[in-house]
Amino acid sequence: MNLNVRNLDYSVAVFGQVDNLSDVKDKLYPARERHPGAKKSSVGETLSLACSAWGIDRTLDFLRGPFALVIRDRLRGTVTLARDRFGEQPFYYGFVDGELACGTHPADLFVDSQHTPELDMDVLPAFLEFGQVPVGECLLSRVHKLPPGGLVEYSAFDLSQGRHPEPRLWWSAYLDVESARAKAPYGELASAVYRCTDRVALSVDAYLRGTGPCGVLLDDGVPSSLIAAYMQRDSLLPVPSFSLELESGSRSTRPGLGRVTANHLGTRHTTFSFSDTAVCDWIAGGLADDGIMAPEPCGRPELLPARLLRQYAAREVPRLLAGEGAAALFGGRPDHVRLPRIWQRISGMSLSARRLISQTLALWPSRGPAGLAASSFREFCGARRAVNPAIRPFLSPDIDSLPRSQLPRGLSELTDQEWLLLSDLIGNLPGELDSLSVMKTEQSAPLVRYPFLDPRILYLAWRIPASVRMRDGEPAWPLKEALFWEVPRAAVEGCGEAARVDIGRLLLGSLRDWAEELLSPGSLADVPALEPGAVRRLWKNHLRRNGNYSQALWPMLQLIAWQRNLKQLQRARFSAGCLTIGDEVRMYE
C-alpha cells in the first residue's frame, strides 16, 4: 500500500473500473503533495483521497466508466453506496445475517450465509410481463439493486437496525436532457452528422487507449459498425471483430451488416456459426459458459443472439465494445418510428370501439394487437412493450401486486416520439444491460463496454431534433449517414437481416423436452408465484399450434431455470465476491 488512508476522512472500495483514473490523479495534484505516495496509489486509495478533497458528489461527477463504490466516512460513521451513470456495472446490496453486504451478482450476497435466497413476489410480476427486472429492483427478496446514477447513504443507526434508506440520484438523464433542450438545436443534417462523427470517434478512441487488446461486437446494427470503423481507422493492426450466424436466424442469403463492414474495413473478423442444436444446448445449459456469468435471467428472446455473441467473443479478447445505448439516444429501434404511426392510425377510432374490438380479439391473445384499448399513447407503448400484457391469469391468487409501469411519467412538454426515446433510455436500457452483462469469475468489471453511453453523447443527441434523428422514418439517420463516410452506401443498404433466435419454433422442436420438464406440475410447484393450471394450458396451446405463445412462455421458463441455479450460484464465489462492511474495514488495516 502506497497511501496511508488512515489519515483520510474517507476509505473507498471499488467494483468495476474507473476509466479516467489518471485524470483524477492529475486533478488531485495539490492534494497529492500533502500525501506522499499518492502518485502511485491504487484506484481505491486515489478515490479515498478524492472524496476527502472534494466530497462524494463532486468525486462521482468527475468519474467515468462502469463502477460501483462503497465509501466509508470515518468522521460521520456513514457508509455510502454509489453506481455509475448508465448502470453498466451491476451492483446489488442488502442485509444478510445482520451485516450490510454488496456484490456484482445477487448470489454473491449469500455465499457465506446459511440463508437460501428466495424470489421477491413484488418484483416477479414485472419480470414476467416485461421480460426484464425493473430499474432499481432485484428478483431476490432482501436484495436491492442501485438504479443507474443512484446513491444510498447508511447512517450508523441504519447499519445497526438493518434499515434501508431511500436511494437518491447523484446523476439524472432528465437533467442532461433538459439542459440540452434549452440550447439551440442542431437542425441541419450535415451539422448533426459531423458532430456525431466527432463525438463518437473521441469516445471510441478513449477505450483504445486502455491496456490490452480490444475487440468489437458486430451485431448487424449501424452503431456497432460505426464503432468498428473508428477503431480500425485509428489502429495500425487489424482490429478483432466478431459476429454471429444462426441456423434459425435470418432467412436472407445476403451477408449481414457486420460481415460486410468487417470485409470492407479489413478487420480480423471471426464469425461464430451455430446450428439449432448448439443453440438449444446452450439454452438448456442455462445460457452460461464456464467462467462467464450474467447476474439476471434473460427474459426477452430478442436479446439471446447478443448474449450468445458476448459469451463466445469474451474467450478471444479481454475487452469488447458494443453499440448498445445508441438506439435509445438516436432512435435506432423500429418501434421508435412504428409505434407513433400505429397510434396515429388507431387513435382516430373511438375508445369504446377500440375496447370492443380488443375484447373480441382477447379470445385469441396471440393474434390480437396489444394496446388497442389504450386511452393514451403512453399507455399504448407500455402494452406494446410487454412480452406478456395479460399476466394476471398466470399468477397465483396470493400475488396481490401487479407490475408497475416500466416507462417514466410526466414530461408532458415532450412530443410522443421524444418521450418514447427518453423512456427507452431510462426505463428499458438499464434492464437490457443487466440481462446482457457478462463477467468472468475472477473479475468484477464487465467484459463489454458501450462507447455510446457517454453523457457527452447523450447531451449531443438531445440537441438534435427527433425529426432529424429519425428523418423520413429512418431510424438513427445521423449515425447511418456517418457510417456511409466509412462504408459504401450500396454495401450497407444491400445487407441481410440480423440474426435472431426463433424461440417459437425451437420450443416445438429441440427445446420441447427441456420446456416440458420445466413446466411440469412438479416443477411449477416450486414456484408458488405461478398458477400451474394456467401456465400448463398456455403451454399446451402452444404445442397444439393454437397460437405462438413463446413470448409469454419464455420469461416463465427463464425464471424457473434461474431459480434452480440459485443454489449452485450460492456455492460459487463470483467475480470480486461479496463485500461486507466488516471486510471493507479490514481491507485498509
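Look a little higher up for the structure.
An account of the accompanying structure is given in this report. Every value quoted in this text rests on a predicted model; they were computed, and no experiment measured them.

1. Things to note about the overall build of the protein chain
What the protein chain contains, in helices and strands, is 27 helices and 16 strands. Looking at the 589 residues of the protein chain, the share that counts as buried comes to 58%. Long-range contacts, defined here as pairs at least 24 residues apart, represent 75% of the contacts in the protein chain between residues at least 6 apart. For the protein chain, the accessible surface area stands at approximately 24700 Å², while carbon and sulfur atoms represent 49% of it.

2. Some details on the environment of Arg 268
Structurally, Arg 268 can be placed in strand β11 (residues 268–274). Here Arg 268 falls in the exposed class, since its relative accessible area comes to 51%. Taking C-alpha positions, Arg 268 is 5.6 Å from Val 239, a pair spaced 29 residues apart along the chain. When sequence neighbours within four positions are dropped, the list of residues in contact with Arg 268 reads Pro 238, Val 239, Pro 240 and Ser 241.

3. Examining helix α20 (residues 477–484)
Since the α-helix packs 3.6 residues into each turn, any two residues three or four apart lie on the same face. Of all eight residues making up α20, eight are buried, and the element is well covered by its neighbours. For α20, the complete set of buried residues consists of Trp 477, Pro 478, Leu 479, Lys 480, Glu 481, Ala 482, Leu 483 and Phe 484. Looking at the buried positions of α20, the neighbouring elements they touch are α8 (189–208), α9 (222–233), α10 (257–265), α13 (326–330), α19 (466–469) and α21 (489–493).

4. Some details on helix α3 (residues 43–54)
In this model α3 runs 16 Å from its N-terminal to its C-terminal C-alpha over 12 residues, within 8% of the 16 Å that 1.5 Å per residue would give. Where burial is concerned, most of α3 is hidden: nine out of the 12 residues are buried. Buried residues of α3: Gly 44, Glu 45, Thr 46, Leu 47, Ser 48, Leu 49, Ala 50, Cys 51 and Trp 54, and no others. In the segment just after α3, Gly 55 is the residue with positive phi, at about 95°.

5. So, the side chain of Thr 46
Assignment of secondary structure puts Thr 46 in helix α3. The class for Thr 46 is buried, based on a relative accessible area of 2%. With near-sequence residues (within four places) excluded, Thr 46 lies in contact with Leu 21, Val 24, Lys 25, Leu 28 and Ser 41.

6. Comments concerning a positive patch on the surface
Positive charge collects at one region of the surface, where Arg 512, Lys 540, Arg 544 and Arg 545 lie side by side. With respect to the secondary-structure elements, Lys 540 resides in helix α25 (residues 532–543).

7. A closer look at the sheet that holds strand β9 (residues 214–217)
One open sheet accounts for five strands, arranged β11-β10-β9-β13-β15; its pairing is parallel. Each end of this open sheet is capped by a strand with a single partner; those strands are β11 and β15 (448–449). Here β9 runs beside strand β10 (residues 240–246); their pairing, made up of two bridges, is parallel. From the neighbouring strand, Leu 217 faces β10, where its bridge partner is Phe 242.

8. Concerning the pairing of strand β3 (residues 78–83)
The buried fraction of β3 is high, at six of six residues. One ladder, built from six bridges, connects strand β2 (residues 67–73) with β3; its direction is antiparallel. Directly across from Arg 72, in β3, lies its bridge partner Val 79. Joining the antiparallel neighbours β2 and β3 is a turn of four residues, in which Gly 77 adopts a positive phi near 75°. As judged from the four bridges shared by β3 and strand β7 (residues 150–154), these two strands associate in the antiparallel manner. Each residue of the ladder has a partner; that of Leu 81, found in β7, is Val 152.

9. A closer look at the nonpolar core
With 161 residues, the main nonpolar core has Ile 283 and Phe 330 as its most contacted residues. Considering every element that reaches this core, the biggest residue donor is helix α26 (residues 550–571), with nine residues. Contacts of Ile 283, omitting those with residues within four sequence positions, involve Leu 304, Ile 503, Leu 511, Trp 514 and Trp 554. Residues Val 70, Tyr 93, Phe 95 and Cys 102 belong to the second largest nonpolar core, which totals 15 residues.

10. Details of the packing of helix α7 (residues 173–181) against helix α17 (residues 416–436)
The geometry of α7 relative to α17 is characterised by a closest axis approach of 11 Å and an angle of 145° between their N-to-C directions. Considering the relative orientation of α7 and α17, their crossing is right-handed. For the pair α7 and α17, contact is made by Ala 173, Tyr 174, Val 177 and Arg 181 and by Glu 418, Leu 422, Leu 425 and Ile 426, respectively. Looking at the contact of α7 with α17, its residues break down into six nonpolar, no polar and two charged.

11. Focus on the environment of Thr 271
On the secondary structure map, Thr 271 appears in strand β11. We classify Thr 271 as partly exposed; its relative accessible area is 24%. Remark: the alpha-carbon pair of Thr 271 and Ser 243, spanning 28 residues in sequence, is separated by 4.9 Å. With residues near it in sequence (within four places) discarded, Thr 271 still touches Ser 243, Glu 245 and Arg 259. Within the structure, the side chain of Thr 271 is placed 3.3 Å from the side chain of Ser 243, a separation counted as a polar contact. Within the local environment of Thr 271, its side chain forms a polar contact with the side chain of His 269, the two groups lying 3.2 Å apart.

12. Observations concerning the packing of aromatic side chains
Considering all chains together, one arrives at 11 aromatic pairs under this definition. Plain terms: the ring middles of Phe 274 and Tyr 312 are 4.9 Å apart, the flat faces sit at 65° to each other, and that makes the pair edge-to-face. Taken together, the positions of Phe 274 in strand β11 and Tyr 312 in helix α12 (residues 304–313) put the pair 38 residues apart, joining distant regions of the chain. Looking at Phe 274, the relative accessible area reads 12%, which means it is buried. One aromatic cluster is present, formed by Phe 242, Phe 272, Phe 274 and Tyr 312 through successive ring pairs. We note Arg 469 situated over the ring of Trp 462; from NZ or CZ to the ring centre the distance is 4.6 Å.

13. Thoughts on the sheet that holds β7
The antiparallel open sheet is built from five strands, whose spatial order is β1-β2-β3-β7-β8. If you trace the sheet from one side to the other, it starts and ends with β1 (10–16) and β8 (168–169), each paired once.

Procedures and definitions
Going along each chain's sequence as written, the residues are numbered from 1 onward. Side-chain atom pairs in this predicted model are given and counted only at pLDDT of 80 or more, local residue features only at pLDDT of at least 70, and totals for whole chains, interfaces and linings cover all residues. Think of the side-chain values as coming from all heavy atoms in the structure, minus any hydrogens and water. By definition, any uninterrupted DSSP run of H or I lasting at least four residues is a helix, any uninterrupted run of E lasting at least two residues is a strand, and each is numbered from the N terminus. Accessible area is worked out with a 1.4 Å probe on protein chains only. A residue is then buried under 20% of its type maximum, exposed over 50%, and partly exposed in between. We call two residues in contact when some of their heavy atoms are within 4.5 Å. Note on areas: Shrake-Rupley, 1.4 Å probe, and residue coverage restricted to the protein chains presented here. The span you would expect from a helix comes to 1.5 Å times its residue count less one. For patch building, the residue pool is restricted to those with more than 30% relative accessible area and no salt bridge; the joining distance is 9 Å between like charges and 5 Å between nonpolar side chains (Val, Leu, Ile, Met, Phe, Trp, Tyr). Think of a salt bridge as a Lys or Arg side-chain nitrogen and an Asp or Glu carboxyl oxygen that are within 4 Å of each other. His is not counted here, nor are the chain ends, while Lys and Arg score as positive and Asp and Glu score as negative. Throughout, a charge is located at the NZ atom of Lys, the CZ atom of Arg, the CG atom of Asp or the CD atom of Glu. For two strands to be treated as a pair, DSSP must find no fewer than two bridges joining them. For our purposes a nonpolar core is just a set of buried Ala, Val, Leu, Ile, Met, Phe, Trp, Tyr and Cys residues, chained together by side-chain atoms within 4.5 Å. Axis angles are defined between N-to-C directions and span 0 to 180 degrees, where every axis is a line fitted to C-alpha atoms and, for a helix, only to the segment in contact. In this scheme, a crossing is called left-handed if the near helix is turned counterclockwise away from the far one by less than a right angle; it is called right-handed if the turn is clockwise. Residues are grouped as follows: Ala, Val, Leu, Ile, Met, Phe, Trp, Tyr, Cys and Pro are nonpolar; Asp, Glu, Lys and Arg are charged; all remaining types, including Gly, are polar. Contacts described as polar in this section are N or O atom pairs within 3.5 Å, which, within protein, must combine one atom able to donate a hydrogen with one able to accept it, while residues neighboring in sequence count only if both atoms come from side chains. Pairing of aromatic side chains here covers Phe, Tyr and the six-membered ring of Trp, requires ring centres within 6.5 Å, and sorts the geometry by plane angle: under 30 degrees stacked, over 60 edge-to-face, intermediate tilted. We count a charge as sitting over a ring when the NZ of a lysine or the CZ of an arginine lies within 6 Å of the ring centre and within 35 degrees of the ring normal.

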